[in-house]
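This is what each chain is made of:
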Amino acid sequence: ETGVTQSPTHLIKTRGQQVTLRCSSQSGHNTVSWYQQALGQGPQFIFQYYREEENGRGNFPPRFSGLQFPNYSSELNVNALELDDSALYLCASSLSASRDTQYFGPGTRLTVL
Amino acid sequence: DQQVKQNSPSLSVQEGRISILNCDYTNSMFDYFLWYKKYPAEGPTFLISISSIKDKNEDGRFTVFLNKSAKHLSLHIVPSQPGDSAVYFCAASAEEGTYKYIFGTGTRLKVLA
């Protein structure tokens, strides 16, 4: 059984650019959640997708957007990058949109210069 | 507003002794709590959870205690092993918006051989 994978591992962008991060869910999981983890902080919920529809959103501006594909892989897009967007971005997949355990990928480290 | 707090950034324990990691929360609507463990360069790994209808849940060396009146939970690891050295996050969710986990800032546990 393949776990949750994320790409790329590391990424460096400059302020104002756009970035796309990718996540491949664990087999059989139809729900994916994205989190931002700043240095020294815990993961902060960005949004969740369930069967290709957004199923809830945290306190992040609209320039953070996402997609979930029919195979349940997912993308996180961030437009107009700001320095404060530098963080580890984690995706987590789960069997459903309820309280099933969320399984995390290793994350993408984004640095905005 | 930090709804889930882990006030000890770090903890050192001798191998074989008990490790106790603490977590406090402020939102009385939280009714489901989890602990995750995170090694460097890996995503958080689910450890154990507890529903608010219980005050204790045990899984092998790991036990989580919940004190609803004090809005406090703790994770006990007995006996501690060097492989337990990691950052531990507690997380909580409320019945409404069950998909959204609120994480604490983490406690770095070091188990000394």
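Novice: Just checking my understanding: could you explain the pattern of salt bridges for this structure?
Specialist: Oppositely charged side chains may form a pair once their charged atoms are brought near each other. Under the counting rule described, the total for this entry stands at six salt bridges over all chains. Linking Glu75 of chain A and Arg22 of chain A is a salt bridge whose minimum nitrogen-to-oxygen distance equals 3.6 Å. A residue pair is termed long-range when its members are at least 10 positions apart, and Glu75 of chain A in strand β8 (residues 74-78) and Arg22 of chain A in strand β3 (residues 19-24) qualify at 53 residues. What makes Glu75 of chain A buried here is its relative accessible area of 15%. In this structure, the salt-bridge partner of Lys56 of chain B is Glu58 of chain B, at a minimum N-O distance of 3.9 Å. On the accessibility criterion, Lys56 of chain B (42% relative accessible area) is partly exposed. Residue class for Glu58 of chain B comes out exposed when judged on its relative accessible area of 52%.

Novice: Which parts of the structure should I look at to understand the state of the cysteines?
Specialist: Defined simply, a disulfide is a covalent bond joining two cysteines at their sulfur atoms. Overall, the coordinates contain two disulfides over all chains when judged by the stated rule. A disulfide bridge connects Cys23 of chain A with Cys91 of chain A, and the sulfur atoms are separated by 1.9 Å. Taking the sign of the torsion about the S-S bond as the criterion, the disulfide between Cys23 of chain A and Cys91 of chain A, at about 75°, is right-handed. Within this pair, whereas Cys23 of chain A is found in strand β3, its partner Cys91 of chain A is found in strand β9 (residues 87-94), the two being separated by 68 residues in sequence. In this structure Cys23 of chain A comes out as buried when scored by relative accessible area, which is 3%. For Cys91 of chain A, a relative accessible area of 0% corresponds to the buried category. Here Cys23 of chain B pairs with Cys90 of chain B through a disulfide, and the sulfurs are 1.9 Å apart. Between Cys23 of chain B and Cys90 of chain B the sulfur-sulfur dihedral comes to about 60°; the bridge is accordingly right-handed. Of this pair, Cys23 of chain B sits in strand β3 (residues 19-25) while Cys90 of chain B sits in strand β9 (residues 86-94), and the two are 67 residues apart along the sequence. Of the two residues, Cys23 of chain B and Cys90 of chain B, both sit in the buried class.

Novice: Would you take a moment to explain unusual backbone geometry for this structure?
Specialist: Residues apart from glycine generally show negative phi values, whereas peptide bonds are mostly found in trans. Here the amide bond leading from Ser7 of chain A into Pro8 of chain A is cis, since omega sits at -10°, within 30 degrees of zero. With respect to the helices, strands and loops of the structure, Pro8 of chain A is situated in the loop between β1 (5-7) and β2 (10-13). With phi around 50°, Arg51 of chain A is a residue other than glycine that occupies positive phi space. Examined against the element boundaries, Arg51 of chain A turns out to sit in the loop between β5 (44-50) and β6 (53-57). On the basis of relative accessible area, Arg51 of chain A is assigned to the partly exposed category, the value being 49%. Within the chain, Lys71 of chain B stands out as a residue other than glycine whose phi angle is a positive 55°. Looking at the element boundaries, Lys71 of chain B is found in the loop between β7 (62-67) and β8 (72-77).

Novice: Just checking my understanding: could you explain the sheet that holds strand β7 (residues 64-68) of chain A for this structure?
Specialist: Strand pairing in a sheet takes place through backbone hydrogen bonds and is either antiparallel or parallel in direction. Residue and element names in this part refer to chain A. Spatially, four strands are ordered β1-β3-β8-β7 in an open sheet, and the strand pairing comes out antiparallel. The open sheet has two free edges, formed respectively by β1 and β7, since each of these has just one partner strand. Each adjacent strand pair in this sheet contributes to an overall mean axis angle of 20°, direction not counted. Sheet topology places β7 next to β8; five bridges connect them, and they run antiparallel. Bridged to Leu67 within β8 is Glu75.

Novice: Please clarify how the pairing of β3 of chain B should be interpreted in this entry.
Specialist: Put simply, side chains in a regular strand alternate between the two faces of the sheet. Residue and element names in this part refer to chain B. The alternating pattern of β3 places Ser19, Leu21, Cys23 and Tyr25 on a buried face and Ile20, Asn22 and Asp24 on a face that is not buried. Summarising the sheet, strand β1 (residues 4-5) and β3 pair through two bridges and their orientation is antiparallel. By the bridge assignment, Lys5 is partnered in β3 with Asp24.

Novice: Is there a simple way to explain the interface of chain B and chain A in this structure?
Specialist: Accessible area lost upon the coming together of the parts serves often as the stated size of an interface. Contact with chain B, which involves 20 residues of that partner, is made by 21 residues of chain A. Of the roughly 1,600 Å² buried where chain B meets chain A, counting both sides, 56% is carbon and sulfur surface. Connecting chain B to chain A are zero salt bridges. Taken together, the connections running from chain B to chain A amount to two residue pairs in polar contact (both at pLDDT 80 or more). Contributions of two or more residues to the side of chain B that touches chain A are made by β4 (30-38) and β9 of chain B. Among the elements that line the side of chain B that touches chain A, the one with the most residues is β4 of chain B, at four residues. Within the side of chain B that touches chain A, the residues separate by chemical class into 10 nonpolar, five polar and five charged.

Rules used throughout
Residues numbered from 1 in each chain as written. Chains lettered and ligands numbered in written order. Predicted model: local features only at pLDDT ≥ 70, side-chain atom pairs only at ≥ 80, totals over all residues. Heavy atoms only, no water. Salt bridge = Lys/Arg side-chain N within 4 Å of Asp/Glu carboxyl O. Helix = DSSP H or I, 4+ residues; strand = E, 2+ residues; numbered from the N terminus. Buried < 20%, exposed > 50% of the residue type's maximum accessible area, 1.4 Å probe, protein only. Disulfide = S-S within 2.5 Å. Pairing = 2+ DSSP bridges. Axes fitted to C-alpha atoms, helices over the stretch in contact; angles between N-to-C directions. Contact = heavy atoms within 4.5 Å. Buried area = accessible area lost by both parts, 1.4 Å probe. Polar contact = N/O pair within 3.5 Å; in protein donor to acceptor, adjacent residues only side chain to side chain. Nonpolar A, V, L, I, M, F, W, Y, C, P; charged D, E, K, R; others polar.

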